[in-house]
Amino acid sequence: MKFIAGVLYAGILAVAAIAHADEPKGFRDVPWGASEDTLRFRVPTQSCAVIDPSVDFGTLRCRAGSNVTFGKVTPNAVFFYFRNDMLVAWRVTAHPRFRETLAKTLVQLYGKPTTVYKGDHVTWKGRTSDVDFVGGSVQDDVVAVTKAELVMRDAERQERARRAAKRP
């Protein structure tokens, strides 16, 4: 059974498109750039807390309520990331037993992946945001992030490295 699921999963994700993929415009009806209040109004949330931007996306992370689904999957967790009170990324974590269902949902939403890596890792690169799927032995991860956040995060990392290099 696992072999058949693996073959189906590989078949779904094996073909990579050269052009930009379809891309998320946010999460469901919460668009990129939406405020934390907009998210809370449209998606049940458990909690929000300030986070270290060197560790994750944005500066604030909200965890969705346990009843929030992604396609037909009830994930282990759904997180939303904000910078300057604007939605800049989201993450869905799910048990590997849902991998095939997640893969079908991602292909249905975003088309063929633009990059297929070795192992269980594929990426959809869009004009304004990217989606990454990484399969793991304990959990699978789907991350969608705006290009602006990726640029900001890279600039922050470079600034931290520059400061560290100047220390005596």
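Attention here is on the structure that accompanies the text. Here the residue index of a chain counts from 1 through its sequence in written order. Totals for whole chains, interfaces and linings use all residues, but because this is a predicted model, local features are given only for residues with pLDDT of at least 70 and pairs of side-chain atoms are given and counted only at 80 or more. The side-chain values count all of the structure's non-hydrogen atoms but skip hydrogen atoms and water molecules.

**Focus on the overall build of the protein chain**
1) Next: Broken down by element type, the protein chain carries 4 helices and 10 strands.
2) Next: N-terminal to C-terminal, the α/β element order of the protein chain is α-β-β-α-β-β-β-β-α-β-β-β-β-α.
3) Next: For the protein chain, buried positions account for 42% of its 168 residues.
4) Next: Counting only contacts in the protein chain whose residues sit at least 6 apart along the sequence, the fraction spanning at least 24 positions is 53%.
5) Next: Working note: accessible area of the protein chain is about 9500 Å², and carbon and sulfur atoms make up 57% of it. By the criteria applied, helices consist of DSSP H or I runs no shorter than four residues and strands consist of E runs no shorter than two, each listed in order from the N terminus. Burial classes: relative accessible area under 20% of the type maximum marks a residue as buried, over 50% as exposed, and values in between as partly exposed (1.4 Å probe, protein chains only). Residue contacts are counted whenever heavy atoms from the two residues lie within 4.5 Å of one another. To measure how exposed things are, a 1.4 Å probe is used in the Shrake-Rupley method; for residues, cover is taken only from the protein chains shown.

**Focus: the layout of surface pockets**
Unoccupied space between atoms shows up once a probe the size of one water molecule is rolled over them.
1) Next: Cavities and pockets are defined on a 1 Å grid built over the protein atoms alone: a cavity is a set of grid points where a 1.4 Å probe fits but cannot escape, while a pocket is an open set with protein on both sides within 12 Å along at least five of seven lines, and lining residues are those with an atom within 4 Å of any such point. Grid points are joined across faces, edges and corners, and a volume is the space filled by probe spheres set on the points. Taken as a whole, the second largest pocket spans an internal volume of roughly 160 Å³.
2) Next: What lines the second largest pocket is a set of 13 residues, among which Phe57, Asp132, Val143, Val145 and Leu150 lie closest to the centre.
3) Next: Taken together, the elements giving at least two residues each to the lining of the second largest pocket come down to β8 (121-125), β9 (129-134), β10 (140-146) and α4 (147-166).
4) Next: The dominant element in the lining of the second largest pocket, judged by the number of residues it contributes, is β9, at 4 residues.

**Points about the pairing of β8**
1) Next: Here 2 bridges tie strand β7 (residues 115-116) to β8, and the two strands are oriented antiparallel to one another. When the bridges of β8 are listed, Thr115 appears paired with Thr123.
2) Next: Hairpin remark: β7 followed by β8, antiparallel, with 4 residues in the connecting loop; positive phi at Gly119, about 80°.
3) Next: Two strands form a pair only when DSSP identifies at least two bridges running between them. Summarising the sheet, β8 and β9 pair through 5 bridges and their orientation is antiparallel. In the sheet register, Val122 faces β9, and the bridge partner there is Phe133.
4) Next: The loop that links β8 with its antiparallel partner β9 comprises 3 residues.

**A look at helix α3 (residues 99-110)**
1) Next: How far a helix is expected to stretch is found by multiplying one less than its residue total by 1.5 Å. An ideal rise of 1.5 Å per residue puts 16 Å on 12 residues; α3 measures up with 16 Å between its terminal C-alpha atoms.
2) Next: Of all the residues in α3, the buried ones are Arg99, Glu100, Leu102, Ala103, Thr105, Leu106 and Tyr110.
3) Next: Following α3 by one or two positions, Gly111 has its phi on the positive side, about 80°.

**Some thoughts on the pattern of salt bridges**
1) Next: Criterion for a salt bridge: a side-chain nitrogen of Lys or Arg within 4 Å of a carboxyl oxygen of Asp or Glu. For the structure shown, the criterion picks out 13 salt bridges.
2) Next: Here Glu36 and Arg40 are joined by a salt bridge, their closest N and O atoms 2.9 Å apart. Of this pair, Glu36 and Arg40 both sit in helix α2 (residues 36-42), 4 residues apart, which is roughly one turn of the helix.
3) Next: Overall, Glu36 belongs to the buried group, its relative accessible area being 18%.

What is shown is where atoms sit, not what they do.
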